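# Coordinate analysis (summary)
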Amino acid sequence: MARRPDPAFFTSWDGVRLAWREMGEGRPVMLLHGFFSNAWTNWIRYGHAATLAARGFRVIMPDLRGHGDSAKPHDPAAYPPDALTRDGHALVAHLGLTDHDLVGYSLGARTVSRMLATGATPRRAVFAGMGLEGLTMTGRRAGHFRDILTSLGRHERGSAAWLAEQFLKTTGGDAEALLGVIDTFTDTPLDVLRTFDLPIGVVSGAEDQDNGSAADLAEALPRARYIEVPGGHMSAVLKPDLGRAITDFLMS
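Note that the coordinates shown come from a computational prediction; the quantities given were computed from them, not determined experimentally.

## Section: the sheet that holds strand β5 (residues 101-105)
- Read across the open sheet, the eight strands follow the order β1-β2-β4-β3-β5-β6-β7-β8; overall the sheet is mixed. The open sheet has two free edges, formed respectively by β1 (8-11) and β8 (224-229), since each of these has just one partner strand. Going across the sheet, the axis of each strand differs from the next one's by a mean of 25°, ignoring polarity.
- Two strands pair when backbone bridges link them, and β5 and strand β6 (residues 125-128) are joined in this way by four bridges, in the parallel orientation. Pairing of Gly104 across the sheet is with Phe127, part of β6.
- With respect to the sheet, helix α3 (residues 83-95) is in contact with β1, β2 (17-23), β3 (27-32) and β4 (57-62), its orientation differing from that of β2 by roughly 60°.
- Docked against the sheet, helix α4 (residues 107-117) engages β3, β5, β6 and β7 (200-205), running at close to 140° with respect to β5.

What follows is the structure in structure tokens.
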């Protein structure tokens, strides 16, 4: 089992206390995890952060607002559109990062997209576990997750919603805070995606269609490369191929 680094904390743009963890030394790369998850589960537990650290990266992994060791406010005012985007910019500023890379999985990829749309200037970026529809039409996934969170304990055993609820239990998620996080989801229109003039790796499990087509997303971006790894939306995180694909792209 990987070692869980102790968290550090900072105060974000609106006074909310957020956590992040670090591993390794070298070129900074910020990894943003998926919805219901946290830095430990998405990046550390299955070795992806260690793979990056071993190749000379300083790996910076926040727990997003409403997740992990970060604050989980229940006040709706804490979840305006693009709140996570502003948190990402705030951590970059807090750490004084200039030349760095940005990587996100699922909700993290959506947040990286919004950071690029609002002025972030990484050298390279990775959208993992993300398809075109997941960025341009966030309402479908928002509705899916809202249904899960408002019907906990009532999902049919074995269904996708039931499996998501079991995952939520393993991460200790706060349903009320996570409902707030859904309100932060913001579309990135296709014409904005086409302005992302930097190398972007679109890394997706071969069986993952949760956020639409990753191949279509890569096609829509001006300088993207589609990289397929084994697994579906949840299972790809469990396999070392994900960390290797992200590392290889950032070093290419």
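## What to know about the environment of Ala206
- Take Ala206: it is sitting in the loop between β7 and α10 (214-220).
- With 32 residues separating them in the primary sequence, Ala206 and Leu238 have C-alpha atoms 14 Å apart.
- Setting aside its immediate chain neighbours within four residues, Ala206 contacts Glu228, Val229, Pro230 and Gly231.

## With respect to the pairing of β3
- With six of six residues buried, β3 lies mostly within the body of the structure.
- Side chains Arg27, Val29 and Leu31 of β3 all project onto a buried face; the interleaved residues Pro28, Met30 and Leu32 project onto the opposite face, where all are buried too.
- Relative to β4, β3 runs parallel, the two sharing four bridges. Across the sheet, Val29 pairs through a bridge with Val59, a residue of β4.
- Pairing of β3 with β5, which is carried by four bridges, proceeds in the parallel orientation. Pairing of Met30 across the sheet is with Leu102, part of β5.

## Here we look at helix α7 (residues 160-171)
- Compared with an ideal rise of 1.5 Å per residue, which puts 12 residues at 16 Å, α7 spans 17 Å between its outermost C-alpha atoms and is within 8% of the ideal.
- Buried within α7 are the following residues: Ala161, Trp162, Ala164, Glu165, Phe167, Leu168 and Thr171.
- Buried residues in α7 make contact with α1 (39-44), α6 (139-149) and α8 (175-182).
- Backbone geometry just downstream of α7 places Gly172 in the positive-phi region, at approximately 65°.

## Digging into the packing of aromatic side chains
- Summed over all chains, the structure comprises five aromatic pairs.
- When the centroid spacing of 6.0 Å and the interplanar angle of 70° are considered together, the rings of Phe10 and Trp20 count as edge-to-face. Of this pair, Phe10 sits in strand β1 while Trp20 is found in strand β2, placing the two residues 10 residues apart along the sequence.
- When its relative accessible area of 5% is taken as the criterion, Phe10 is described as buried.
- Taking the relative accessible area as the measure of exposure, Trp20 reaches 8% and is therefore buried.
- Seen from their ring centres, Phe35 and Phe36 are 4.8 Å apart, and the 40° between their planes marks the pair as tilted.
- Here the aromatic residues Phe35, Phe36, Phe145 and Phe185 are joined through ring pairs into a cluster of three or more.
- Directly above the aromatic system of Trp13 lies the positively charged group of Arg86, at a separation of 3.6 Å from the ring centroid.
- A cation sits over an aromatic face here: Arg124 above Phe249, 5.1 Å from the ring centre.

The rules behind these values
- Along every chain, residues carry numbers that run from 1 in the direction the sequence is written.
- Thresholds applied to this predicted model are a pLDDT of at least 70 for local features of residues and 80 or more for the giving and counting of side-chain atom pairs; totals over whole chains, interfaces and linings are not thresholded and use all residues.
- Excluded from the side-chain calculation are hydrogens and water; included are all heavy atoms of the structure.
- When DSSP finds two or more bridges between a pair of strands, those strands are recorded as paired.
- Only DSSP runs of H or I covering at least 4 residues are called helices, and only runs of E covering at least 2 are called strands; the numbering of each starts at the N terminus.
- Every angle, taken between N-to-C directions, lies between 0 and 180 degrees, and every axis is a line fitted to C-alpha atoms, over only the stretch in contact when it is a helix.
- Only heavy atoms matter for contacts: two residues are in contact if any of them lie within 4.5 Å across the pair.
- Residue exposure (1.4 Å probe, protein chains only): buried if accessible area is under 20% of the type maximum, exposed if over 50%, otherwise partly exposed.
- To estimate the expected span of a helix, count its residues, drop one, and scale the result by 1.5 Å.
- Stacked, tilted and edge-to-face are the three classes assigned to paired rings of Phe, Tyr and Trp, where Trp is represented by its six-membered ring and a pair needs centres within 6.5 Å; plane angles under 30 degrees give stacked, over 60 edge-to-face, the rest tilted.
- To sit over a ring, a charge needs its Lys NZ or Arg CZ within 6 Å of the ring centre and within 35 degrees of the ring normal.

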